[in-house]
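The residues making up each chain are set out below.
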Amino acid sequence: MILGWHNVESTWRYPARAGRGLGSITRQWRMLRRVTNVVPLDAALVALQEGRRLPARAVALTFDDGYRDNLALAAPVLRRLGLPATFFLVPGFLDRQVDPWWERVAFAFAKATATRREFEGIALNLDSPWSRTASLKEVEPALKARDDAARERAVAELVEVLAPAGRFRCEHLFMDWDEARSLIRPGLSIGSHTMRHAILARETEAYQVADLRESRARLQETLDVPVTSLAYPNGQDGDYDSTTMAAAAAAGYSSAMTTSGLINRSTTEPFAIRRRMVGPTDNVVRVVMGLVAGVQRERGERTRVTAQDRS
Ligand SMILES: [Zn+2]
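The rules we used
- Residues numbered from 1 in each chain as written.
- Predicted model: local features only at pLDDT ≥ 70, side-chain atom pairs only at ≥ 80, totals over all residues.
- Helix = DSSP H or I, 4+ residues; strand = E, 2+ residues; numbered from the N terminus.
- Rg over C-alpha atoms; globule rule 2.2 N^0.38 Å.
- Buried ≥ 20, exposed ≤ 12 C-beta atoms within 10 Å, placed from the backbone.
- Domains from an automatic or database assignment.
- Contact = placed C-beta atoms within 7 Å.
- Nonpolar A, V, L, I, M, F, W, Y, C, P; charged D, E, K, R; others polar.
- Arc of directions from axis to C-beta.
- Core = buried A, V, L, I, M, F, W, Y, C linked by C-beta atoms within 7 Å.
- Pairing = 2+ DSSP bridges.
- Axes fitted to C-alpha atoms, helices over the stretch in contact; angles between N-to-C directions.
- Left-handed = near helix turned anticlockwise from the far one by under 90°.
- pLDDT = per-residue confidence, 0-100.

1. Details of the overall build of the protein
Secondary structure assignment for the protein yields 12 helices and 10 strands. Its C-alpha radius of gyration of 20 Å places the protein within 12% of the 19 Å reference for a compact globule of 311 residues. Overall size of the protein, expressed as C-alpha extent along the three principal axes, is 70 × 45 × 40 Å. Out of the 311 residues belonging to the protein, those deemed buried represent 41%.

2. Some details on unusual backbone geometry
Even without a glycine there, the phi angle at D65 is positive, about 90°. Here D65 lies in the loop between β3 (58–64) and α3 (68–81). Judged by local crowding, D65 falls into the buried class, with 24 C-beta atoms found within 10 Å. You will see that N234, though not glycine, has its phi angle at about 70°, which is positive. Within the secondary structure, N234 sits in the loop between β8 (229–231) and α11 (242–250).

3. What to know about the domain arrangement of the protein
As assigned here, the protein comprises domain 1 (2–96 + 174–296) and domain 2 (101–162). Opposite the nine residues of domain 1 that make contact, domain 2 presents nine residues. The residue makeup of the side of domain 1 that touches domain 2, split by class, is three nonpolar, two polar and four charged.

4. Here's the deal with helix α2 (residues 41–49)
Of the residues making up α2, those classed as buried are L41, A44, L45 and L48. Mapping the buried residues of α2 onto a view down its axis gives an arc of 100°, with all of them on the same face. Where the residues of α2 are buried, they touch β1 (2–5), β3, β4 (85–89), β8 and β9 (255–257). Phi for G51, located one or two positions after α2, is positive at around 80°.

5. Some details on the nonpolar core
Ranked by internal contacts, the top residues of the largest apolar core, which has 60 residues, are F87, L89, A248 and A256. Once residues lying within four places of it in the same chain are set aside, the contact partners of A248 are L212, L230, Y253, A256 and F271. The next biggest cluster of nonpolar side chains, apart from the first, holds 15 residues, and it includes A106, F109, A112 and V159.

6. Some details on the environment of S10
With respect to the element layout, S10 can be found in the loop between β1 and α1 (20–35). Between the C-alpha atom of S10 and that of G21, which follows or precedes it by 11 residues, the distance is 7.3 Å. If sequence neighbours within four positions are ignored, S10 has contacts with P15, A16, A18 and G21.

7. With respect to the pairing of strand β6 (residues 122–125)
As defined by bridge partners, strand β5 (residues 116–119) adjoins β6 across four bridges and the pair is classed as antiparallel. Within the sheet, the bridge partner assigned to R116 lies in β6 and is N125. Counting the residues between successive antiparallel strands, the hairpin from β5 to β6 contains two residues, one of them, E120, with a positive phi of roughly 50°.

8. Comments concerning the environment of L136
Assignment of secondary structure puts L136 in helix α6 (residues 129–144). When the C-alpha atoms of L136 and A180 are compared, they prove to be 30 Å apart, with 44 residues separating the residues in sequence. Beyond its immediate sequence surroundings of up to four residues, L136 is in contact with V105, A106 and F109.

9. Some points on the packing of helix α10 (residues 205–223) against α11
In the contact formed by α10 and α11, the axes pass within 9 Å of each other and the chain directions differ by 35°. Relative to α11, the crossing made by α10 is right-handed. Note on element contacts: α11 touches α10 through T243, T244, A247, A248 and A250, opposite E205, Q208, V209 and L212. For the contact of α10 with α11, a count of residues per class yields five nonpolar, three polar and one charged.

10. A look at the environment of T243
Inspection of the secondary structure puts T243 in helix α11. Accessibility expressed as a C-beta count within 10 Å gives 15 for T243, which makes it partly exposed. Along the primary structure T243 and A206 are separated by 37 residues, whereas in three dimensions their C-alpha atoms are 9.9 Å apart. Not counting chain neighbours up to four residues away, the residues in contact with T243 comprise E205 and Q208.

11. Some remarks on the confidence of the model for the protein
In this model, the protein carries a mean pLDDT of 93, and residues with pLDDT of at least 70 account for 96%. Low pLDDT (under 50) marks residues 305–311, which in the prediction has zero contacts with non-local residues, meaning those over four places away or in another chain.

12. A closer look at the pairing of β3
Taken across its seven residues, β3 has six buried, putting it largely inside the fold. Pairing between β1 and β3: four bridges, direction parallel. Across the sheet, residue W5 finds its bridge partner in β3, namely F63. Pairing between strand β2 (residues 37–38) and β3: two bridges, direction parallel.

Here it is in structure tokens:
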């Protein structure tokens, strides 16, 4: 089973009480260390694909997007607990050339100076923190549904409509290259999360091929580490397709993570690896129980098939 997190502490998009995330995520990891076998992602996927046996209840830990608190808060705890993890980074964010649009938009909603606005026919009610969050969640699917260039234009328009007090600053929330470099330690590895966090299946084949090659090359060269795995932005069915999977293989990755499904087997398509995204305060016990129940169900089914074969 592969688990994925984003931020540890509060962000504009994922607001939470200060200090709650770190305590809670530390408890999640202590629990995982006790009841599962936390394994390094890349080595475990190679072993799986070669048909070798993984330890029972094998779990790999991953982080997407390159939030700064992955370095400041998560990495020291992971090192203290001796747990390996993989961080999927976005060169455009590290370069400060691209803003993570979901945080920029959430900032604009939180800091909007109006109480009522309209965007693409959607009425935006901004008269309370609750209604701002509700309006943000109403706009988001429409923003996700387009390609990167169209989304960038729409986000710029939306921010103008909301007229926030102040400017979103990527550096408050996301790592730069120096910070990403200082994240790397034995056990903590790097994967690609594309150049600009475009949802790949919305882009042309040429875009996907170029993006996946460039993001891998930039991360490998600048951080001086091997990059063999990719995490698809958004990662749901329809966010990647057969063109994406072929582009990933051609760019030299050996696996790619989705954000759906739970259990990976030796027969799992290596460019559609199943992964469960969790928040720092989610109930991870329930997820692990699902893993154990799923494995037991599979074993039960196999046993039944064997019994039938014999009869
Ligand atoms: Zn992401």
